[in-house]
There are 2 protein chains.
Amino acid sequence: MDLLEGIYSRRSIRSYSGQPVDRALLLEMVRAGTWAPSGLNNQPWRFVIIQDAGWRRRLAQFTHYGQIIEAASACIAVFIDREAMYNEIKDYQAIGACVQNMLLAAHALGLGAVWLGEILKSSAEVRTLLALPENFELMAVVAVGYPEAQNQQVSHRREVAEVLLKEF
Amino acid sequence: MDLLEGIYSRRSIRSYSGQPVDRALLLEMVRAGTWAPSGLNNQPWRFVIIQDAGWRRRLAQFTHYGQIIEAASACIAVFIDREAMYNEIKDYQAIGACVQNMLLAAHALGLGAVWLGEILKSSAEVRTLLALPENFELMAVVAVGYPEAQNQQVSHRREVAEVLLKEF
């Protein structure tokens, strides 16, 4: 898939065919995530892959969008290692760059994915569920599966002229 | 350029040939940035394009890495509109996804770019220099130019096995 075309054609996919996703593809998404840039190259991202339906059901209870987690073939929970952090704003930005790489990789691999953020309200509960030490803080859950159908999702963005404040 | 290949081959480029970068390519980078996902699709990113050498010199004084800003053909300053924000962590992540799209787009367009974050220590001064209202907060400066040479920059990342905490 062409890079620019991929950036423009990626959509949040919330309905899945049910076809299982090979673990190798999930690892490729994680690998793509790790190739994001980070301040001082501190790579503060950590990942938990959840394919098992029972574990997805347990995770699903912590968000209003639990149905997506249950319908997906897998979820990748993205954590930040607070011990690896050096600057809140820049580290959160690095996580965002990492998740974007994961979403783009999913798209390039023919998968559909969606970035779930509402679950952060239950950040501590998710950490406890997954039995992770306190230095790991939930940053996002990416739900993944094969897209249900080829119906093109519609999405909108402001025109460049609207978000370009000035030019010098 | 292939999407996955682009993710893995992108490097921070800090030396430039001096060949001017067409404004259309800078706008393409901004456009790619706007196609990042954001929570509630709030698109909190705003941009200032700085091609003029005098203005780049003025900007350069606010960071230890000013030489890169002066050597580049252009800079794109990325701001967040605090009035468009809804959640600090998620909005900073969205900015990170936006900047990553910009860097990947630059790479796909044959340009070299680097994400400058150290300048955030002078966030208020940069806002004042560019005469922007207080609701705009500097998030990053992306320096852009044609890469000086085709010498492959080396970069390292932790192996997936190192950052994958658990699997279920």
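Here the residue index of a chain counts from 1 through its sequence in written order. Following the order in which they are written, the chains are lettered starting with A and the ligands numbered starting with 1. Predicted model: local features are reported for residues with pLDDT of at least 70 only, side-chain atom pairs are reported and counted for 80 or more only, and whole-chain, interface and lining totals are derived from all residues. Derived side-chain values reflect all non-hydrogen atoms in the structure, with water molecules and hydrogen atoms excluded from consideration.

Looking now at the relation of the copies chain A and chain B. Of the transformation superimposing chain A on chain B, the axial component is 0.0 Å and the angular component is 180°, with the fit at an RMSD of 0.0 Å. On the angle and the small slide along the axis, the relation comes out as a two-fold axis. It only takes one pair of heavy atoms within 4.5 Å for two residues to be counted as in contact. When the interface residues of chain A are mapped onto chain B, 100% of them again lie at the interface, so the same face is used by both copies. We place the copies in one frame by least squares, fitting the C-alpha atoms of every residue whose pLDDT is at least 70 in both.

So, on to unusual backbone geometry. Residues and elements named next belong to chain A. Even without a glycine there, the phi angle at Leu40 is positive, about 60°. Strands are runs of DSSP state E lasting at least 2 residues, helices are runs of H or I lasting at least 4, and numbering of each runs from the N terminus. Looking at the secondary structure, you find Leu40 in the loop between helix H2 (23–34) and strand E1 (45–50). The residue Asn41 is not glycine, and still its phi comes out positive at about 50°. Assignment of secondary structure puts Asn41 in the loop between H2 and E1. Any residue under 20% of the maximum accessible area for its type is buried, any over 50% is exposed, and the rest in between are partly exposed; the area is computed with a 1.4 Å probe on protein chains only. In this structure Asn41 comes out as partly exposed when scored by relative accessible area, which is 31%.

As a further point, take the interface of chain A and chain B. With 66 residues of chain A in contact, the opposing surface of chain B contributes 66 residues. Summing both partners gives a buried area of about 6,400 Å² for chain A against chain B, and 64% of it is carried by carbon and sulfur. It is Trp35(A), Arg157(A) and Phe168(A) in chain A that bury the most area against chain B; as a group they hold 14% of the surface buried on that side. The working definition used for a salt bridge is a side-chain nitrogen of Lys or Arg within 4 Å of a carboxyl oxygen of Asp or Glu. Where chain A meets chain B, there are two salt bridges. Close ionic contact of Arg23(A) with Glu167(B) constitutes a salt bridge, the shortest N to O distance being 2.8 Å. What qualifies as a polar contact is a pair of N or O atoms within 3.5 Å, subject to a donor-acceptor requirement within protein and to the restriction that residues adjacent in sequence count only when both atoms come from side chains. At the surface where chain A touches chain B, the tally comes to 44 residue pairs in polar contact (both at pLDDT 80 or more). Only helix H1 (3–9), H2, E1, helix H5 (88–108), strand E4 (136–145), helix H7 (160–163) and strand E5 (164–167) of chain A provide two or more residues apiece to the side of chain A that touches chain B. Gly falls in the polar group here, along with every residue not listed as nonpolar (Ala, Val, Leu, Ile, Met, Phe, Trp, Tyr, Cys, Pro) or charged (Asp, Glu, Lys, Arg). Here the residues of the side of chain A that touches chain B are counted per class, giving 38 nonpolar, 13 polar and 15 charged. Buried area counts how much accessible surface, traced with a 1.4 Å probe, disappears from two parts once they are put together, with both parts' losses summed.

Residues and elements named next belong to chain B. The element strand E4 (residues 136–145) is largely enclosed, with a buried count of ten among its ten residues. In this analysis, strands are considered paired if DSSP registers two or more bridges between them. By the bridge criterion, eight bridges tie strand E2 (residues 74–81) to E4 in an arrangement that is antiparallel. What sits directly across from Asp81, in E4, is Phe136. The pairing of strand E3 (residues 112–116) with E4 spans five bridges and is classified as antiparallel. The partner of Ala113 across the bridge, within E4, is Val144.

The next thing to look at is the pattern of salt bridges. Once their charged atoms are close, side chains differing in charge can pair, the charge on each being opposite to the other. Scanning the entire structure with this criterion turns up 16 salt bridges over all chains. A salt bridge links Glu28(A) to Arg31(A); the shortest N-O distance between them is 3.9 Å. Of the two residues, Glu28(A) and Arg31(A) are both situated in helix H2; the distance of three residues between them amounts to about one turn of the helix. Arg82(B) is the salt-bridge partner of Glu137(B), the closest N and O atoms lying 2.1 Å from each other. Of this pair, Glu137(B) sits in strand E4 while Arg82(B) is found in the loop between E2 and helix H5 (88–108), placing the two residues 55 residues apart along the sequence. Through salt bridges with shared partners, one network takes in Arg82(A), Glu88(A) and Glu137(A).

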